[in-house]
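# What the coordinates show
Residue-level listing of the chains:
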Amino acid sequence: MSLTVLMGAPALAYEPRINYMLQCQGCHGPDGRGEPGHVPSIRATLAPLSRFAAGRRYLLQVPGVALSALSDEDLAALLNWMIPAFGGVGPQRFRAYTAAEVGRYRREPLVEISATRARLMHQLQLPQ
Amino acid sequence: MSRFDRWMEASSRSVARRTSRRGLLGSLGALLVGVAALPLLPVARGAEKSAKPGEAATDHQEAQDPTSCNYWRHCAIDGFLCGCCGGSASACPPGTVQSPITWVGTCHNPADGLDYVISYNDCCGKSSCGRCLCNRNERDMPLYVPFRSNDYDWCTGSSVANIPYHCSTARVLARAT
């Protein structure tokens, strides 16, 4: 691999598992179950949401993701680690995020967070 | 010859008849070995440890005091140290509940030169401990970045660990790689 290619791919600050601890685990917990009534579980929702356009966009616009200090590349790597790790799906069962997709949608603020989530959960026939 | 001299001679001869030079050397040797072996006994080793109950002693804990604000794990803690309140740097005191919602950061361990992921979990359910207040803010962010701020009372965001706030722990989750 040439030096140009190596320099073209930005180095990740931390590996995705560590970034999950630093950016998400404080609220969603070590197993992604969250806190009933306070923090939603991501276990049942991540993989289904990642399979259609509105769901993928929502995952990039929730405050913890959109406002994160991580780069677009780090965020894409984190989500691509989280979906199989917490959603229980193999890598072939979801479409991986790219840094470009992350960069495009995280900059569009989500105005009605709860209403958007309720609509998507209804669409997926999942509990709120 | 005085009476005292005769008494001294008699008692010296009596001691010499009952003991031997080898016996004296043997006793002295046993005493020396015994003194040298005393620190190897489990009782002596246990007395040297300063770890709190439920917490394994490690090299870095022995190098620094976990009840000190300057302890490496406390680099971004804001509150009373649970080690001074009946718990430890990583365990809540009896009668309190650890809040599952918290904030997570990294601290540099000078003992091995590595960074570690630290979870600052508050212990809740009893009034403020009031001992060992510690407020260090490495990489702490303002309140408007809530998941990177140590100014929040994390006892309020949970259904199992309710207010009031008692003290704070600093648990090591992993090496920051």
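Each chain carries its own residue numbering, running from 1 in the direction its sequence is written. Ligands are numbered from 1 and chains lettered from A, in the order in which they are written. Restriction of local features to residues with pLDDT of at least 70 applies here, the model being predicted, together with a cutoff of 80 or more for giving and counting side-chain atom pairs; totals for whole chains, interfaces and linings are based on all residues.

### Details of the overall build of chain B
Selection rule: Secondary structure follows DSSP: runs of H or I at least 4 residues long count as helices, runs of E at least 2 residues long count as strands, and numbering of each begins at the N terminus. Residues are called buried when their C-beta atom has 20 or more other C-beta atoms within 10 Å, exposed when it has 12 or fewer, and partly exposed otherwise; all C-beta atoms are positioned from the backbone. Note that contacts rest on C-beta atoms placed from the backbone: two residues are in contact if these are within 7 Å.
When its secondary structure is counted, chain B shows four helices and eight strands. Reading the secondary structure of chain B in the N-to-C direction produces α-α-α-α-β-β-β-β-β-β-β-β. Every one of the 177 residues in chain B was classed for burial, and the buried ones make up 33%. At a minimum sequence separation of 6, the contacts of chain B that also span at least 24 residues come to 72%.

### Overview of the overall build of chain A
Helices and strands together make up the secondary structure of chain A, namely nine helices and zero strands. Along chain A, helices and strands appear, N-terminal first, in the series α-α-α-α-α-α-α-α-α. The buried share among the 128 residues of chain A stands at 31%.

### Looking at the packing of helix α5 (residues 53-61) of chain A against helix α8 (residues 99-106) of chain A
Residue and element names in this part refer to chain A. This is how it is decided: Angles run from 0 to 180 degrees between N-to-C directions of axes, and those axes are lines fitted to C-alpha atoms, restricted for helices to the stretch in contact. In what follows, roughly perpendicular refers to angles from 65 to 115 degrees, roughly parallel to angles under 35, roughly antiparallel to angles over 145, and oblique to any angle outside these ranges.
Taken N-terminus to C-terminus, the directions of α5 and α8 make an angle of 75 degrees; their axes are 8 Å apart at the nearest point. Considering their axes alone, α5 and α8 lie roughly perpendicular with respect to each other. Each of R57, L60 and Q61 in α5 lies in contact with α8, whose residues at this interface are V102, Y105 and R106.

### A few points about the environment of E108(A)
In this structure, E108(A) sits in the loop between α8 and α9 (113-124). Taking the C-alpha atoms as reference points, E108(A) and A66(A), 42 residues apart in sequence, are found 8.4 Å from one another.

### Focus: helix α2 (residues 16-23) of chain A
A turn of α-helix holds 3.6 residues, and therefore any two residues three or four places apart point the same way. Burial within α2(A) is extensive, with seven of its eight residues counted as buried. The complete set of buried residues in α2(A) reads P16(A), I18(A), N19(A), Y20(A), M21(A), L22(A) and Q23(A).

### Some thoughts on the nonpolar core
Heads up, the rule is: Nonpolar cores are built from buried Ala, Val, Leu, Ile, Met, Phe, Trp, Tyr and Cys residues. These are joined into a set through C-beta atoms within 7 Å.
Ranked by internal contacts, the top residues of the largest apolar core, which has 55 residues, are L79(A) and V117(B). Among the elements of the structure, α2, α4 (46-49), α5 and α7 (72-87) of chain A together with β3 (103-109), β4 (114-120), β5 (122-124) and β7 (165-168) of chain B are those that each provide at least two residues to this core. Here this core takes eight residues from α7(A), the largest share from any one element. Ignoring sequence-local partners within four residues, the contact set of V117(B) consists of I18(A), M21(A), L22(A), V104(B), T106(B), L173(B), A174(B) and A176(B).

### Some points on the sheet that holds β4(B)
All names here are of chain B. Let me state the cut-off plainly: Following DSSP output, two strands are said to pair if at least two bridges run between them.
Reading across from one edge, β3-β4-β8 is the order of the three strands in this open sheet, with antiparallel pairing throughout. In this open sheet, the two edge strands, each paired with only one partner strand, are β3 and β8 (171-175). Along the sheet, successive strands turn relative to each other by an average axial angle of 35 degrees, direction set aside. Summarising the sheet, β3 and β4 pair through seven bridges and their orientation is antiparallel. In the strand pairing of β4, T106 is matched with V117.

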